[in-house]
Structures are given as C-alpha cells and as structure tokens.
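Here are the chains, one letter per residue:
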Amino acid sequence: MLAEYDDAQVRAATWKVNISYTVDDSTLELLVRMPTTYPLAPAVFETVHRVAVSEKRWRGWVVAAQAKLARCPRIDAVCAQIVGNIGAHFAGVEDCAICYSAVGAMDNSLPNRQCKTCKNKFHRMCLFKWFNTSNQSTCPLCRNLF
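Residues numbered from 1 in each chain as written. Predicted model: local features only at pLDDT ≥ 70, side-chain atom pairs only at ≥ 80, totals over all residues. Heavy atoms only, no water.

Colleague: Could you clarify how one ought to interpret the overall build of the protein chain in this entry?
Modeller: Tallying secondary structure elements over the protein chain gives 3 helices and 6 strands in all. Each helix and strand of the protein chain, ordered N terminal to C terminal, gives the series β-β-β-β-α-α-β-β-α. Viewed in the frame of its principal axes, the protein chain has a C-alpha envelope of about 50 × 40 × 25 Å. Of all 146 residues assigned to the protein chain, the portion counted as buried reaches 40%. Intrachain contacts of the protein chain at a sequence separation of at least 6 include 37% that bridge at least 24 residues. When the accessible surface of the protein chain is summed, it comes to about 8,500 Å², and 53% of that surface belongs to carbon and sulfur atoms. Between the mean site of the 17 positive side-chain charges and the mean site of the 12 negative ones, the protein chain shows a separation of 12 Å. (Helix = DSSP H or I, 4+ residues; strand = E, 2+ residues; numbered from the N terminus. Buried < 20%, exposed > 50% of the residue type's maximum accessible area, 1.4 Å probe, protein only. Contact = heavy atoms within 4.5 Å. Areas by Shrake-Rupley, 256 points an atom, 1.4 Å probe, with all protein chains shown as cover. Lys, Arg positive; Asp, Glu negative; His and termini not counted. Charge placed at Lys NZ, Arg CZ, Asp CG, Glu CD.)

So this is what it looks like as structure tokens:
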C-alpha cells in the first residue's frame, strides 16, 4: 500500500519509526516510539509536524493506529494505515463516521456504505459491528433505518 504514495516515507530505526508525508511544500510527520518492553508496554505516538489536517481528524487517525497496533503488532501495517488515511484525506475521501478513519482498520477498505437519509458513509465492518452491538439496524448518526 505504501508503494501507491510516492510522497510518503517511512524510516525505521531501532525502536522508532518516523512517518512523513509531503503535501505541496509542507510535510506531515509522526514519530512512533516502540518501548524496549513492547508489546508489554504500548507504543508512543508523537506528532512532530501536522499541516492541513484538523487536530480532531489527526487524533482520530492516531487512535485508530494505536488500536490496530494493539490488535496486530506489525508496525508496517500501522504505517500503511496512517499513510493511507493521509492520502485519502488529500484525495477528498470522507472519513467513516464510526471509526473516524478513511482506511478501514480491519480490511483496509474505504467507507462505501452510505445512509440514505443523512448521506454519511461508513465501512462495511464498522456498520456490522454497530448493528451487532446496538441490536438495531439504524444509522449510528441519524437513527433512521439503514
């Protein structure tokens, strides 16, 4: 997935990964520090430089990356998810209104299920989980039947 983005870089050093994404003349940069006791201690995500992305959206991507790393301890998959989210954001893809991520954490899909009433888009897996946990088949946002 990283090969799709010519302007993204991932540099790995011992226990640290630096993810940078260049947009025009600006660079977004995120540092992931892996403690020596990983996976017993969680990885630390540090924002080095953030441009053209709101704090809320950026924080959503970081939380999604932390959750993915907790489920799947492959840092390359987490880097691909972050770079995919950034690339999708600048390509105009809307985030899923459930997980706040453009790239699905489970299947790396884009949000493609749309509510007919409120027009918000969701990942298939996010909706499946929502329907199962809420015991309803309503939109998570507008509460109309999906």
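Alright, that's what it looks like, and here's the rest.
Colleague: Help me understand helix H1 (residues 55-71) in this model?
Modeller: Owing to its 3.6 residues per turn, the α-helix aligns residues three or four sequence positions apart on the same side. Between its terminal C-alpha atoms H1 stretches 24 Å, which fits the 24 Å expected from 17 residues at 1.5 Å a residue. Where H1 is concerned, the buried positions are Trp 58, Gly 60, Trp 61, Val 62, Ala 64, Ala 65, Lys 68 and Leu 69. At its buried positions, H1 is contacted by strand E3 (26-33), strand E4 (44-49) and helix H2 (75-90). (Expected span 1.5 Å × (residues − 1).)

Colleague: Mind showing me how you'd approach H2 here?
Modeller: Over its 16 residues, H2 runs 23 Å from end to end, which matches the ideal 22 Å to within 8%, given 1.5 Å per residue. Buried residues dominate H2, accounting for 13 of its 16 residues. With its phi angle positive at about 95°, Gly 92 sits one or two positions after the end of H2.

Colleague: What is the right way to read the pattern of salt bridges from this model?
Modeller: Any two side chains of opposite charge can pair if their charged atoms end up close together. Following the criterion strictly, the structure yields 6 salt bridges and no others. Arg 124 is the partner of Asp 107 in a salt bridge, and the nearest nitrogen-oxygen pair spans 3.7 Å. Of the two residues, Asp 107 is situated in the loop between H2 and strand E5 (113-114) and Arg 124 in helix H3 (residues 124-134); the sequence distance between them amounts to 17 residues. (Salt bridge = Lys/Arg side-chain N within 4 Å of Asp/Glu carboxyl O.)

Colleague: What exactly am I supposed to notice about the environment of Ser 137 here?
Modeller: In this fold, Ser 137 is placed in the segment after H3. Separated by 10 residues in sequence, Ser 137 and Leu 127 have C-alpha atoms that sit 9.0 Å apart. Non-local contacts of Ser 137, meaning those with residues more than four positions away in its chain, are made with Phe 131, Asn 144, Leu 145 and Phe 146.

Colleague: I'm lost on the side chain of His 123 in this one. Help?
Modeller: Mapped onto the fold, His 123 is located in the loop between strand E6 (121-122) and H3. Of the residues examined, His 123 reaches a relative accessible area of 1% and is grouped as buried. Dropping the residues within four chain positions of it, His 123 is found in contact with Cys 96, Cys 99, Ser 101, Ala 102, Val 103, Gly 104, Ser 109, Leu 110 and Pro 111.

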